[in-house]
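# Chains, contacts and geometry: an overview
Listed below, chain by chain, are the residues.
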Amino acid sequence: MIKDLMDIAGRAVRPFKRRAYGRTFVCPVCHLELAFADVDGNGLAVCPVCGAVISLEAPYGHAVPVVVDMEINRAQPKLRLHPMASHLPVGLFPVACLGAGVLLVASLLAPAAWPTALIERATLLVLALAVGLSPLTIAAGVSDWRRRYGGRPYRIIRLKLAFSACFVVLGGLAVALHASGAVFSPATGLIAAASPLELLAAVAYFATLAVNLVVVGTLGHVGGNLVFGR
Amino acid sequence: MIDFSFSPAQQGLREQAKAFTEEWVAPNAARHDRTGEFPKEICREAFRRGFMNTSVPKEYGGRGLAVLDHCLVTEEICTGCSGIGTAIDGNGLSQAPVILAGTPEQKARFLAPMTEELMFSAYAVTEPEAGSDVARVKTTAVKVGSDYVLNGVKWWITNGSVASWYFVLARVEDRQTGFIVPADSAGVVRGPKEINLGQHASNTVRVTFEDVKVPEAFRLGAEGDGFKIAMETFNHTRPGIAAGANGITKAALNIALSYAKRRRTFDKKLISNQGISFKLAEMMTKLDAARFLAYKAAWLIDNGTDNAREASEAKWFASDVAMEAAIACAQILGGYGYTNEMPAEKLVRDAKIYQIYEGASEIQKMIVVAKLMRTKVVE
């Protein structure tokens, strides 16, 4: 069942991945998927995870990576801030989504007994923390990339940066919508939807959260690959 | 005088097939090998580019390519992935009996639609108890009115799950007879995909026929012609099988060469070691020999000459060379030849089937010997 779901997800993501990465090959040491575009002018690519220096050729379309050297004793991040900081948005954002989901259910079923006002305040706080701390995470990541990976323009790093920017923009929009009071009534914590504009705001808010949940999930997955390989 | 050069048209065909291989086949080979997913999209692109149904005559909408031309295409595609190559080429094996023995109506009904949209067909001869010994097939066809009723089990049927029709060899009393059986006939039951050693992209299944009614109009030739049709088919298709095996050899050689020229050991390139370079020399030489056998067998049948011996020689020799080359490639790559992150180990798994399907290597040698027994002096 889980394997089937992963297969379906893999198939859905494949065209997008092809556009983002182009043709790929696999590091034969740590199995990280690298892009042909990661190969430099000398025909070499350095695996960001394991440090394998790979010479790449593709006779008849078969990727044949040859490990010609290993980069060992690579520069380590000074504070290891990025791995720690990245857990804030990746961990907090789903919690905020959960809170928003509870409020949506409460609004639909209207159970008066639920402490919706409190949940609404807590959700906004968690959401603001997740989004507000993400620039710090990004800055720490860029610093690590420069120090540990020599600032090499890996497709995987570019993908992370693009998704991070997307997370900040969409997250900022969600925080603004939430804080404006257009989505949830400040008094009850339930979805307002008193006017078409408020209804539109609510739809935009939940759509933004849903998209950003995919974005943050992808960021976590890609970041995990970059640390542990595949 | 012998001319070993390709015509400009053949050269163009090879280059087109190579471009298709590099763009579509090789980059997706590992994924299909891992997932076992049938490469329908790749087949669709092959169909669009005219690499499927190559033998269907022009009057039925096909390209009507010669067997030699087909060999050139197959070698290129199988250099990328022989599993995907088998999926693409599977139609050819089942179409051959219809091309050889079908009536114009049968050809118009079953071949022409395959040139208009992507469709598959399958050659259903092998049975659980009858592989190399085709004469043992037990599937029965009983004449009831103007229909035949088929009962039996066919096994290891390539493209069996996706086929629109099957060429089926069955017994009418004691006479082996060929039939075209539409896959949507009541009583046709397709089994699950077999998990094979290699060629995971290829769809191999069991097909069961339970009281399947087949109109007399779908019988190929006369009752009792089936065995002859099935065997004659192989004279046309075995050069292509040899070409597919040559594709594996070519892939193995290219991968090993690319690796050996870049990998360094003992402060020199791997290829500088004679133990490695001689392996490459042997692979190249044997590939040339296997190619010439395949091309000659194809050329003979294209010129209307009996090629049964040459087709068998080509098939078993190319299969053995592919197996040797794949193992040599894995050896040259060392540990990297044993991991599934590199293409060498897949070649080893894929190559093995060439020594088995469409007549095991031992059967090919039996055919060669049978021909020799009727020969006084080999000239």
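Each helix and strand in chain B was counted, giving 11 helices and 10 strands. For chain B, whose C-alpha radius of gyration is 21 Å, the value lies close to the compact-globule estimate of 21 Å for 379 residues. In terms of principal-axis extent, the alpha carbons of chain B reach across some 80 × 50 × 40 Å. Evaluated residue by residue, chain B yields a buried proportion of 53% over its 379 residues. Contacts in chain B between residues at least 24 apart in sequence constitute 76% of all its contacts with a sequence separation of at least 6.

This paragraph deals with the domain arrangement of chain B. All names here are of chain B. Per the domain assignment, the segments making up chain B are domain 1 (8-116), domain 2 (121-223) and domain 3 (227-373). Taking only C-alpha atoms, the centre of domain 1 and the centre of domain 3 are 20 Å apart. Taken together, the contacts link 22 residues of domain 1 with 23 residues of domain 3. Here the residues of the side of domain 1 that touches domain 3 are counted per class, giving 11 nonpolar, seven polar and four charged.

Residue and element names in this part refer to chain B. Direction of pairing for strand 3 (residues 147-158) relative to strand 7 (residues 204-215): antiparallel, over a ladder of nine bridges. Following the sheet pairing, Val149 is matched in strand 7 by Lys213. Strand direction decides the pairing type here: strand 6 (residues 188-193) and strand 7, joined by four bridges, are antiparallel. What sits directly across from Lys193, in strand 7, is Val205.

This brings us to the environment of Glu23(B). With respect to the element layout, Glu23(B) can be found in helix 1 (residues 8-35). Separated by 350 residues in the primary sequence, Glu23(B) and Met373(B) have C-alpha atoms spaced 47 Å apart.

Listed as interface residues are 13 residues of chain A and, on the opposing side, 20 residues of chain B. Looking at the side of chain A that touches chain B, the elements with two or more residues in it are strand 4 (52-57) and strand 5 (64-70) of chain A. Top element by residues in the side of chain A that touches chain B is strand 5 of chain A. It accounts for three residues. Residues belonging to the side of chain A that touches chain B are distributed by class as follows: seven nonpolar, four polar and two charged.

Turning next to the pairing of strand 4 (residues 165-172) of chain B. Residues and elements named next belong to chain B. Judged by how many residues are buried, strand 4 sits mostly within the fold: six of eight residues are covered. The sheet contact formed by strand 1 (residues 121-124) and strand 4 spans four bridges and is parallel. By the bridge assignment for strand 4, Tyr123 is matched with Phe167. The pairing of strand 4 with strand 5 (residues 175-182) spans eight bridges and is classified as antiparallel. Within strand 5, the position partnered with Leu169 by the bridge is Gly178.

Right, let's get into the packing of helix 6 (residues 155-180) of chain A against helix 7 (residues 196-228) of chain A. Residues and elements named next belong to chain A. The geometry of helix 6 relative to helix 7 is characterised by a closest axis approach of 9 Å and an angle of 150° between their N-to-C directions. Comparing their axes, helix 7 and helix 6 come out roughly antiparallel. Considering how the two elements wind past one another, helix 6 and helix 7 form a crossing that is left-handed. In the contact of helix 6 with helix 7, the residues fall into 19 nonpolar, seven polar and one charged.

A few words now on the sheet that holds strand 3 (residues 44-46) of chain A. Residue and element names in this part refer to chain A. Spatially, 3-4-5 is the arrangement adopted by the three strands of the open sheet, whose pairing is antiparallel. The two strands at the open ends of the sheet, each matched to only one other strand, are strand 3 and strand 5. On average, each strand axis in the sheet is tilted by 30° relative to the strand beside it, whichever way the strands run. Summarising the sheet, strand 3 and strand 4 pair through three bridges and their orientation is antiparallel. What sits directly across from Val46, in strand 4, is Val53.

Before going further, it helps to examine the nonpolar core. Judged by nonpolar contacts, the single largest core of 132 residues is most densely connected at Phe179(B), Val181(B), Ala252(B), Ala256(B), Ala294(B), Ala326(B) and Cys329(B). Leaving out residues up to four positions away in the same chain, Phe179(B) has contacts with Ala141(B), Tyr148(B), Leu150(B), Val168(B), Ala170(B), Val214(B), Phe218(B), Arg219(B) and Leu220(B). Judged by nonpolar contacts, the second largest core, of 29 residues, contains Ala130(A), Ala174(A), Ala182(A) and Leu219(A).

Here the focus is the domain arrangement of chain A. Residue and element names in this part refer to chain A. One can read the domain layout of chain A as domain 1 (2-70) and domain 2 (81-228). Across the boundary between the two partners, domain 1 contributes nine residues, which contact seven residues of domain 2. Taken together, the residues of the side of domain 1 that touches domain 2 break down into eight nonpolar, no polar and one charged.

What counts and what doesn't
- Residues numbered from 1 in each chain as written.
- Chains lettered and ligands numbered in written order.
- Predicted model: local features only at pLDDT ≥ 70, side-chain atom pairs only at ≥ 80, totals over all residues.
- Helix = DSSP H or I, 4+ residues; strand = E, 2+ residues; numbered from the N terminus.
- Rg over C-alpha atoms; globule rule 2.2 N^0.38 Å.
- Buried ≥ 20, exposed ≤ 12 C-beta atoms within 10 Å, placed from the backbone.
- Contact = placed C-beta atoms within 7 Å.
- Domains from an automatic or database assignment.
- Nonpolar A, V, L, I, M, F, W, Y, C, P; charged D, E, K, R; others polar.
- Pairing = 2+ DSSP bridges.
- Axes fitted to C-alpha atoms, helices over the stretch in contact; angles between N-to-C directions.
- Parallel < 35°, antiparallel > 145°, perpendicular 65-115°, else oblique.
- Left-handed = near helix turned anticlockwise from the far one by under 90°.
- Core = buried A, V, L, I, M, F, W, Y, C linked by C-beta atoms within 7 Å.

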